[in-house]
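Geometric and topological summary
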Amino acid sequence: MIRGIENYLQPRGYTALLANTDSSDAIERAALGSLLGRRVDGLIVASGSRRASTLAEAYQAGVFAVMLNRDAGGIPYPLVTGHDATGIAATVAHLAELGHRRILHIAGPADFSTSETRAAAFRAACASTRRVTGTVVEAAALSVESGQQTMDRILTEHRNRPTAIVAGNDLVAFGVLRSLRAHGLSCPGDISVAGFNDIEFAQDSNPPLTTVHVPMQEMGAEAARVLLEAIETKAQEPVTVHLPVSLMVRGSTGPAPA
């Protein structure tokens, strides 16, 4: 995403300043204060926590900003994101075609709009097939460690374990794979696993990860375009731009076990 932002801004005479918040509200508040103190022309915000009170203050102050990947709750900034719902629907349809009837979605934290969107799309996709029983559990974080801990708990507590997992993102999926290995289970022989985002190393995992490809670089460039348009016109509308996603089928999904 950063590469896409920079590639769009640099030929147009703008420089991107980067601040990493590590999902901390305090760090985000300090970073935004520092950037606004430097009189930046606008903000592209990819943290997207719905607790972001600092963004509400920025909006009230007339600061131009674009949300990238996740929205900020009720703050009416424009949003550039992938069409997550279609990606989840394609994943569920793929697993249903392979014969899976018990599918579990490990969602990200509820204060992320992407978590809410993907979980809702998962429930809708399972309901529309009429053959699939879909269950949603929430992971504490979108990380490998949280994915492993959540899957450990599922394998310990669920007597009728799922035959397929749809992870909230690829890192969670890697954690699921780690948990399966620790419990002596194979993927996809015992349980199929699908991720979301198609990060750089997804196809190098063991097995290669079936996942939804999200056009991150294109999303970054589009966010920069939307922001520059606001800066130049001195006006901003709360539009949402959805970029298309696609399912990448690899070795981590296979037929449901008999």
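Residues numbered from 1 in each chain as written. Predicted model: local features only at pLDDT ≥ 70, side-chain atom pairs only at ≥ 80, totals over all residues. Heavy atoms only, no water.

Observations concerning the pairing of strand β6 (residues 164-167)
Side chains Ala164 and Val166 project from β6 onto one buried face, and the interleaved Ile165 and Ala167 project onto a second face that is buried too. Summarising the sheet, strand β4 (residues 102-107) and β6 pair through four bridges and their orientation is parallel. Residue pairing across strands places His105 opposite Val166, the latter belonging to β6. Pairing of β6 with strand β7 (residues 192-194), which is carried by three bridges, proceeds in the parallel orientation. Of the residues in β7, the one forming a bridge with Ile165 is Val193. (Buried < 20%, exposed > 50% of the residue type's maximum accessible area, 1.4 Å probe, protein only. Helix = DSSP H or I, 4+ residues; strand = E, 2+ residues; numbered from the N terminus. Pairing = 2+ DSSP bridges.)

Some details on the sheet that holds strand β1 (residues 43-45)
On the basis of which strands lie adjacent, the open sheet formed by four strands has the order β1-β2-β3-β9 and parallel pairing. Of all the strands in the sheet, just β1 and β9 (240-243) have a single pairing partner and so form its edges. Recorded for the sheet is a direction-independent mean angle of 20 degrees between the axes of neighbouring strands. Across four bridges, strand β3 (residues 79-82) lies against β9 in parallel orientation. Bridge pairing in β9 places Gly82 opposite Leu243. Docked against the sheet, helix α8 (residues 216-233) engages β1, β2 (65-68), β3 and β9, running at close to 165 degrees with respect to β2. (Axes fitted to C-alpha atoms, helices over the stretch in contact; angles between N-to-C directions. Contact = heavy atoms within 4.5 Å.)

As for the sheet that holds β6
Picture the strands of a sheet paired through backbone hydrogen bonds; they go either parallel or antiparallel. As summarised here, the arrangement of the four strands in space is β5-β4-β6-β7, forming an open sheet in which the pairing is parallel. A single partner strand is all that each edge strand has here, and the edge strands are β5 (133-138) and β7. For this sheet, the mean inter-axis angle between neighbouring strands, taken without regard to orientation, is 20 degrees. Strand direction decides the pairing type here: β4 and β5, joined by six bridges, are parallel. Counted as the bridge partner of His105 is Val136 from β5.

Quick notes on helix α6 (residues 144-157)
With 14 residues, α6 extends 20 Å from end C-alpha to end C-alpha; this agrees with the ideal 20 Å at 1.5 Å per step. When we look at burial in α6, the residues that qualify are Val144, Ser146, Gly147, Gln148, Thr150, Met151, Ile154 and Leu155. Looking at the buried positions of α6, the neighbouring elements they touch are β4, β5, β6 and α7 (170-182). (Expected span 1.5 Å × (residues − 1).)

A look at the packing of helix α1 (residues 2-9) against α8
For the pair α1 and α8, the least separation of the axes is 6 Å and the interaxial angle reads 45 degrees. When the axes of α1 and α8 are compared, the pair comes out oblique. As α1 packs across α8, the resulting crossing turns out to be right-handed. Together, Arg3, Gly4, Ile5, Asn7, Tyr8 and Leu9 of α1 and Gln217, Gly220, Ala221, Ala224, Arg225 and Leu228 of α8 make up the contact between the two elements. Its residues assigned to classes, the contact of α1 with α8 shows six nonpolar, four polar and two charged. (Parallel < 35°, antiparallel > 145°, perpendicular 65-115°, else oblique. Left-handed = near helix turned anticlockwise from the far one by under 90°. Nonpolar A, V, L, I, M, F, W, Y, C, P; charged D, E, K, R; others polar.)

Structural notes on unusual backbone geometry
Look at the link from Cys187 to Pro188: it is a cis peptide, with omega at 10 degrees. Here Lys234, not a glycine, exhibits a phi torsion of approximately 60 degrees, which is positive. For Lys234, a relative accessible area of 65% translates into the label exposed.

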